[in-house]
Amino acid sequence: VTYDTDRSKILFVGGYNYVSGMGNVYDGSVFEFDPVTAMYTKRDIPVGGDKPTARNNHAVSYDSGRRVVVLTAGYSQVTGGTTGPINDSWEWDSTAGKWSETTPTTVKPLPRYQHLQVFDSVRATTLIFGGTVSADSTYGPQEIWQYIASSAPRANGSGCSAATAASGDELV
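Residues numbered from 1 in each chain as written. Predicted model: local features only at pLDDT ≥ 70, side-chain atom pairs only at ≥ 80, totals over all residues. Heavy atoms only, no water.

Caption draft 1: View of the sheet that holds strand E8 (residues 98–101). Ordered by their spatial adjacency, 4 strands build an open sheet running E5-E6-E7-E8, and the pairing between neighbours is antiparallel. Of all the strands in the sheet, the pair left with one neighbour each is strand E5 (59–63) and E8. Taken pair by pair, the neighbouring strands of this sheet meet at an average axis angle of 30 degrees, ignoring direction. In this sheet, E8 lies alongside strand E7 (residues 83–93) in antiparallel orientation, the contact comprising 4 bridges. Bridge assignment links Trp90 to a residue of E8, and that residue is Glu101. (Pairing = 2+ DSSP bridges. Helix = DSSP H or I, 4+ residues; strand = E, 2+ residues; numbered from the N terminus. Axes fitted to C-alpha atoms, helices over the stretch in contact; angles between N-to-C directions.)

Dropping the structure here:
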């Protein structure tokens, strides 16, 4: 869940629900809630459009500088597809109603879920913290990663780097 400060909407992205006889059903839908009208709207992805794997225990935050929702990692369980912790990243453009994958091909956090994510409007960057990291239970839950958005077309995706505080700055 995140709040789009430019359009004054609350966005719900993905998750899962238990369905009797089927078990957990993972969903990759995007719903918007308008607090003024008290109405929910499901945002349909264009047919054939890219979209992230359905997941839960992921993180989303609104990047007010670029007006996109950033989605990272989570836990996926798709029959014949990705199962377990994942480490991809996506951006949702609410105006265009489409997803763009931004998973870096180089340095990126290990697969994780139940992590925290915030947009730092002062530094205009997204920070990712901790979570359940099966591949590294010692350092993974303590890591802070900085999501580096791509300002160019997303052919090469965005990047991530281990976040470091510059002299005099604090990560709070």
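Picking up after the structure, the text goes on.
Caption draft 2: View of the confidence of the model for the protein chain. When pLDDT is averaged along the protein chain, the result is 84; 85% of the residues meet or exceed 70. Predicted confidence for residues 151–159 stays below pLDDT 50, and this span has 20 contacts to residues more than four positions away or in other chains. The low-confidence segment residues 161–172, where pLDDT is below 50, has 16 contacts with residues more than four positions distant or belonging to other chains. (pLDDT = per-residue confidence, 0-100. Contact = heavy atoms within 4.5 Å.)

Caption draft 3: Just the pattern of salt bridges, in detail. According to the stated counting rule, one finds 10 salt bridges in the structure shown. When the shortest N-O distance is used, the salt bridge between Glu32 and Arg43 registers 2.9 Å. Remark: Arg43 occurs in strand E4 (residues 39–43) and Glu32 occurs in strand E3 (residues 23–34); sequence separation between them is 11 residues. According to the relative accessible area criterion, Glu32 is buried, its value standing at 5%. A relative accessible area of 18% means that Arg43 is categorised as buried. A single salt-bridge network, built from bridges that share partners, covers Asp4, Arg7, Glu32 and Arg43. (Salt bridge = Lys/Arg side-chain N within 4 Å of Asp/Glu carboxyl O. Buried < 20%, exposed > 50% of the residue type's maximum accessible area, 1.4 Å probe, protein only.)

Caption draft 4: Expanded view of the nonpolar core. In terms of nonpolar packing, the biggest core is built from 10 residues, these being Leu11, Val13, Val30, Val60, Tyr62, Val69, Leu71, Trp90, Trp92 and Trp99. For this core, the secondary-structure elements that each account for two or more residues are strand E2 (9–19), E5, strand E6 (68–77) and E7. Non-local contacts of Val30, meaning those with residues more than four positions away in its chain, are made with Leu11, Phe12, Val13, Thr41, Lys42, Arg43, Trp92 and Trp99. With 5 residues, the next largest nonpolar core counts Val70, Ile128, Trp145 and Tyr147 among its residues. (Core = buried A, V, L, I, M, F, W, Y, C linked by side-chain atoms within 4.5 Å.)

Caption draft 5: Region of interest: the sheet that holds E4. Reading across the sheet, the 4 strands line up as E1-E2-E3-E4 and stay open at both edges, with antiparallel pairing between neighbours. Every interior strand has two partners, whereas the edge strands, strand E1 (2–4) and E4, have only one. Averaged over all pairs of adjacent strands, the angle between strand axes in this sheet comes to 40 degrees, irrespective of strand direction. Pairing of E1 with E2, which is carried by 3 bridges, proceeds in the antiparallel orientation. Note on E2: the bridge partner recorded for Asp4 is Lys9.

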